[in-house]
Structure formats: C-alpha cells, structure tokens
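# Architecture and fold: a report
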Amino acid sequence: MSSTTNGQWYPPEWPARIRALANGELTPVAPRRAATVLLLRDALPGSAGSPGPDVHMLRRRASMAFAGGAYAYPGGSVDPRDEAPVAWAGPSRTEWAVRMGVDPATAQAIVCAAVRETFEEAGVLLAGTSADTVVEDTTGEDWEADRAALVAHELSFAEFLGRRGLLLRSDLLGAWARWITPEFEPRRYDTWFFVAALPEGQRTRNASTEADRTVWIRPAEAAAGYDRGELLMMPPTIATLRGLQTYGTASEALGAAPAQDLTPVLARAELVNGEILLSWPGHDEFTKHLTPKDDGARPGAADGPSDTPSPSGGTPA
C-alpha cells in the first residue's frame, strides 16, 4: 500500500502480525489499564485561529518503542497503588464505576492514574485542600522532588496527596472515550480518555522524559496538521481531537462529557481472499485494505508546524 497522505500512525510490522494472528501463530497480550487527559484551556481574548479551546499535546520522542514521533496527550499506565485509599472529592467511586461500567476499585485506579499522570507529565495537579479549592501553583523544588518521586515509583499518589493535605478533585474530570490497542500490537493498553480544564494559576510544562515537544493548540488546527500529513497521531488521538471541535469553551466540553459514548473501540482485522481489511468500528476514516504486497510503511511525519509554546516555555503527545 502506498504511504498515507495524512498523519495516521501505522507501524510497518502490522500486516505480518495481523496475518500471524489470523493463522493462530500469535497470542494477543492482555492490555494494561491506562488513562490519558485532554487538558483544555480557553483561548486568550482576541487570539487568532479557529474557535474553541486549546488542548495540551505532547510529541513522543522518536526513540520511543511505542508510537515514537506521534502526538498524544499526557497519560500512562495505571499503577497498582492507584487502588490504595486516597483522599477524594467530587463524584464518588461508585458513581464513577457506574459511568465507566467497571467496579469502584477499578474506577478509582483509573481516575487516580489520570490525575497522577497529568501531574507527572505536565506539572498540572487536579487537587485541592478542600472540595471546592484547587492548588494554584505546583512549581518549586519541593513540588519537583515529589513529582520525580512519583515518576520513580518511590512515592504513591495517595502518599503524595496525604503528606500535602490534598484531595483528588474527581469532579474536575470528565470521562470522554475508551480505546483498546489492537490485538496484534505487542504493547497493548486499555485506555480511558478524560477531559479537564487547566486550573486557574497553574501552568503546563514538559515534565515528561518521553516527550520532546509540548504545545497548546486548537483541536481544529491539530486535526488539519494531521490531515496534511504534518502531525503523526494514533487513531484515538485524532478521533478525540475531531470530537472536541464542536465546543467553544473548555466548560462546554466538560459539560458534554457525561453524554459521551464509552463503548470500547477495538480495531478489527479480517483476512478476505488473502487481503487484510483493517477497521476501527465507528471510525471509517481509519479503514485500510492491504494486499499481500503492502508493507503498510508509515515511517513518520514531519516535525509539525511551528507551534505556539506553552506558558512554561515547552514546545507536544
């Protein structure tokens, strides 16, 4: 297959793995639970560009084994300790469990992972000293020491909040989507996507060792960069960006979260007369037809546009 003209991330080894799976030569690995956050902020008055809020994105380092060079959002795997008792404000664990269709312990772990990873990778903390307050500043050596300890797994998130007298503000998050990595991919994640607004007074920064750029960008502009083949993205990233384009403010997007469909999206790969039909249910734009001669190569996209730096001076996942 000729290389795609858009920025869809597509590993060249997928066709061989798809055929191996179809032939019973490949056993799918169990996906790891994960969470990622579409962090939003309202555009500054008078700013140019398409309407709507900005979204914070990271670009994964090209050296990363999984989706190197792709733009994504802050996020990562659930830590087993995310199920530990944690100071909590907002909708209860049971309410989150009903919304997400999981048990309360799993719901807490995923929500906790979303908040923790946002702090670890973007320096933004969705927590406060009470149910109606939010930390205003997370800069300084003491905050950085705690963030580094979290990344190194030397400190659990519950311990981090406890020592600072903070509550996790689950009401600042909205569950947006759920995508599961295809069965033929060796690194699989069951990822929950959340939306959240940047708390007043806080600033993002590139705190992730996995990213070489960060940016605030309008969803429509990021999607246009993908369509031009300038920004490399995985299907769930571009799909969620397109879903944000209809909202004028961060609060509108958060208000729409309860109505979002959380049915897991899992790619399907079928062999038909020797050809591969690869599809993502509900997302026809990602469908691919591969013949035995197709290598599916997608070596990567350009570095992308000269994006506006984030407030912290960083430059996206």
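In this text the structure is predicted, and so the values were computed from the model without any measurement.

Reading guide: rules and limits
- Residues numbered from 1 in each chain as written.
- Predicted model: local features only at pLDDT ≥ 70, side-chain atom pairs only at ≥ 80, totals over all residues.
- Heavy atoms only, no water.
- Helix = DSSP H or I, 4+ residues; strand = E, 2+ residues; numbered from the N terminus.
- Buried < 20%, exposed > 50% of the residue type's maximum accessible area, 1.4 Å probe, protein only.
- Areas by Shrake-Rupley, 256 points an atom, 1.4 Å probe, with all protein chains shown as cover.
- Pairing = 2+ DSSP bridges.
- Axes fitted to C-alpha atoms, helices over the stretch in contact; angles between N-to-C directions.
- Arc of directions from axis to C-beta.
- Salt bridge = Lys/Arg side-chain N within 4 Å of Asp/Glu carboxyl O.
- Contact = heavy atoms within 4.5 Å.
- Core = buried A, V, L, I, M, F, W, Y, C linked by side-chain atoms within 4.5 Å.
- Phe/Tyr/Trp six-rings, centres within 6.5 Å; stacked < 30°, edge-to-face > 60°.

### So, the overall build of the protein chain
Scanning the protein chain from N- to C-terminus turns up eight helices and 14 strands. Counting over 317 residues, the protein chain shows a buried share of 51%. Within the structure as shown, the protein chain displays about 13500 Å² of accessible surface, and the carbon and sulfur contribution to it stands at 51%.

### With respect to the sheet that holds strand E12 (residues 268-272)
Taken in spatial order, the three strands make up an open sheet running E12-E13-E14, and their pairing is antiparallel. Strands at the two margins of the open sheet, each flanked by one partner only, are E12 and strand E14 (288-290). Each adjacent strand pair in this sheet contributes to an overall mean axis angle of 20°, direction not counted. Two strands pair when backbone bridges link them, and strand E13 (residues 275-279) and E14 are joined in this way by three bridges, in the antiparallel orientation.

### Remarks on the pairing of E13
By the bridge criterion, five bridges tie E12 to E13 in an arrangement that is antiparallel. Across the sheet, residue Ala269 finds its bridge partner in E13, namely Leu278.

### Section: helix H6 (residues 219-227)
Taken together, the buried positions of H6 are Pro219, Ala222, Ala223, Gly225 and Tyr226. Looking down the long axis of H6, one finds its buried residues gathered within 155° of arc, a one-sided arrangement. At the exit of H6 stands Gly229, carrying a positive phi of roughly 80°.

### Quick word on the environment of Ala30
You can see Ala30 is positioned in the loop between helix H1 (14-22) and strand E1 (32-41). What makes Ala30 exposed here is its relative accessible area of 64%. As for Ala30 and Pro186, which are separated by 156 residues in sequence, their C-alpha atoms are 9.4 Å apart.

### So, the pattern of salt bridges
Within this structure, the stated rule accounts for 16 salt bridges. With a shortest N-O distance of 3.4 Å, Arg81 and Asp79 are connected by a salt bridge. Arg81 gets classed as partly exposed once you look at its relative accessible area, which sits at 31%. Using a relative accessible area of 10% as the deciding quantity, one classes Asp79 as buried. Overlapping salt bridges bring together Asp82, Arg116, Glu117 and Glu120 as one network.

### Some points on the side chain of Ser156
Secondary-structure assignment places Ser156 in the loop between helix H4 (141-151) and helix H5 (157-164). Taking the relative accessible area as the measure of exposure, Ser156 reaches 7% and is therefore buried. Once you skip the residues sitting within four places of it in the chain, Ser156 turns out to touch Arg81 and Leu150.

### Brief notes about the side chain of Thr138
Assignment of secondary structure puts Thr138 in the loop between strand E6 (127-128) and H4. Residue Thr138 is classed as buried on the basis of its relative accessible area of 7%.

### Quick notes on the nonpolar core
Residues Met57, Met233 and Leu278 are the most contacted members of the largest nonpolar core, which totals 44 residues. The element best represented in this core is helix H7 (residues 235-244), accounting for four residues. Sequence-distant contacts of Met233, defined by excluding residues within four places in its chain, comprise Gly7, Gln8, Trp9, Met57, Ala70, Tyr71, Ala222, Tyr226, Ile238 and Leu241. In this structure, Trp143, Leu155, Phe160 and Leu173 belong to the second largest nonpolar core, which totals 43 residues.

### Thoughts on the pairing of strand E2 (residues 54-60)
Among the seven residues in E2, seven count as buried, and that is most of the element. Where E1 and E2 come together, two bridges link them in antiparallel fashion. Note on E2: the bridge partner recorded for Leu40 is Val55. Pairing of E2 with strand E3 (residues 71-72), which is carried by two bridges, proceeds in the antiparallel orientation.

### A short note on the packing of aromatic side chains
Scanning all chains against the criterion turns up 11 aromatic pairs. Ring geometry for Trp14 against Trp280: centres 6.3 Å apart, planes inclined by 35°, an arrangement best described as tilted. Here Trp14 is found in helix H1, whereas its partner Trp280 is found in the loop between E13 and E14, with 266 residues between them in sequence. The class for Trp280 is buried, based on a relative accessible area of 4%. Judged by centre distance (6.5 Å) and plane angle (70°), the ring pair of Trp179 and Phe286 falls under edge-to-face. Of the two residues, Trp179 sits in strand E8 (residues 173-180) while Phe286 sits in the loop between E13 and E14, which places them 107 residues apart along the sequence. Residue Trp179 is classed as buried on the basis of its relative accessible area of 6%. For Phe286, a relative accessible area of 0% translates into the label buried. Taken together, the aromatic side chains of Trp14, Trp179, Phe184, Trp280 and Phe286 make up a single cluster linked through ring pairs.

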